[in-house]
Amino acid sequence: VQLVESGGGLVQPGGSLRLSCAASGFTFSWYTMRWHRQAPGKERELVAAITSTGSNTNYTDSVKGRFTISRDNAKNTVFLQMNSLKPEDTAVYYCNFMVFLKVYWGQGTQVTVSS
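Described below are features of the structure shown in this document. Because the structure is a prediction, the values reported are computed rather than measured.

## Description of the sheet that holds strand E1 (residues 2–6)
Here is step 1: Across the sheet, four strands lie side by side as E1-E3-E8-E7; this open sheet has antiparallel pairing. Lying at the two open borders of the sheet, with one neighbouring strand each, are E1 and strand E7 (67–72). Mean inter-strand twist for the sheet, computed between neighbouring axes without regard to direction, equals 15°.
Here is step 2: Here E1 pairs with strand E3 (residues 17–24) via five bridges, running antiparallel. Bridging from a neighbouring strand, Glu5 pairs with Cys21 of E3.

## Quick word on the nonpolar core
Here is step 1: By size, the foremost hydrophobic cluster in this structure holds 29 residues, and its most contacted members are Trp35, Val78, Leu80, Met82 and Tyr93.
Here is step 2: If you list the elements that add at least two residues to this core, you get E3, strand E4 (33–38), strand E5 (45–50), E7, strand E8 (77–82), strand E9 (91–99) and strand E11 (109–113).
Here is step 3: Top contributing element to this core by residue count: E9, with five residues.
Here is step 4: In contact with Leu80, not counting residues within four places along its chain, are Leu17, Arg18, Leu19, Trp35, Val47, Ala48, Phe67, Thr68, Ile69 and Tyr93.

## Brief notes about the state of the cysteines
Here is step 1: Counted by the stated rule, this structure contains one disulfide.
Here is step 2: Residue Cys21 pairs covalently with Cys95 via a disulfide, S to S 1.9 Å. Torsion about the S-S bond of the Cys21 and Cys95 cystine: about 45°, corresponding to right-handed handedness. Taken as a pair, Cys21 in strand E3 and Cys95 in strand E9 lie far apart in primary sequence, 74 residues in all.

## Quick look at the packing of aromatic side chains
Here is step 1: Taken as a whole and judged by the stated rule, the model has seven aromatic pairs.
Here is step 2: With centroids separated by 5.9 Å and ring planes inclined at 55°, the aromatic side chains of Phe26 and Tyr31 adopt a geometry described as tilted.
Here is step 3: Here the aromatic rings of Tyr31 and Phe97 are separated by 5.2 Å at their centres, their planes lie at 45°, and the arrangement is tilted. With Tyr31 in the loop between E3 and E4 and Phe97 in strand E9, this residue pair connects regions lying 66 residues apart in the sequence.
Here is step 4: An aromatic cluster is present here, built from Phe26, Phe28, Trp30, Tyr31, Phe97 and Tyr104 joined pairwise through their rings.
Here is step 5: Positioned above the aromatic ring of Tyr94, the side-chain terminus of Arg44 is 3.9 Å from the ring centre.

Cut-off values and rules
Residues numbered from 1 in each chain as written. Predicted model: local features only at pLDDT ≥ 70, side-chain atom pairs only at ≥ 80, totals over all residues. Heavy atoms only, no water. Pairing = 2+ DSSP bridges. Helix = DSSP H or I, 4+ residues; strand = E, 2+ residues; numbered from the N terminus. Axes fitted to C-alpha atoms, helices over the stretch in contact; angles between N-to-C directions. Core = buried A, V, L, I, M, F, W, Y, C linked by side-chain atoms within 4.5 Å. Buried < 20%, exposed > 50% of the residue type's maximum accessible area, 1.4 Å probe, protein only. Contact = heavy atoms within 4.5 Å. Disulfide = S-S within 2.5 Å. Phe/Tyr/Trp six-rings, centres within 6.5 Å; stacked < 30°, edge-to-face > 60°. Lys NZ or Arg CZ within 6 Å of the ring centre and 35° of its normal.

This is the structure:
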């Protein structure tokens, strides 16, 4: 199993980034995929999730209306479009999924929102 995130970087407040997570080693289309983030000194938190077919999504309140999770099952990739970024969105972002209570994580990608 491998999850590889990309797309992070430094962006000014109000800017946008699109994160990608390329998956391999498992049947991607079977699983709900999630994005978590962890800011310095804080616990890791769930940001967004998308069901296996992409028919349902959910978001933590702080990102609703600004972030959009999507997936391409043909390319085994999940995305997180982040708009209207705020300094409090600064964190390492991880994609992940769970099988029988075991969570598989990517290595993370750093997002820094600063002027």
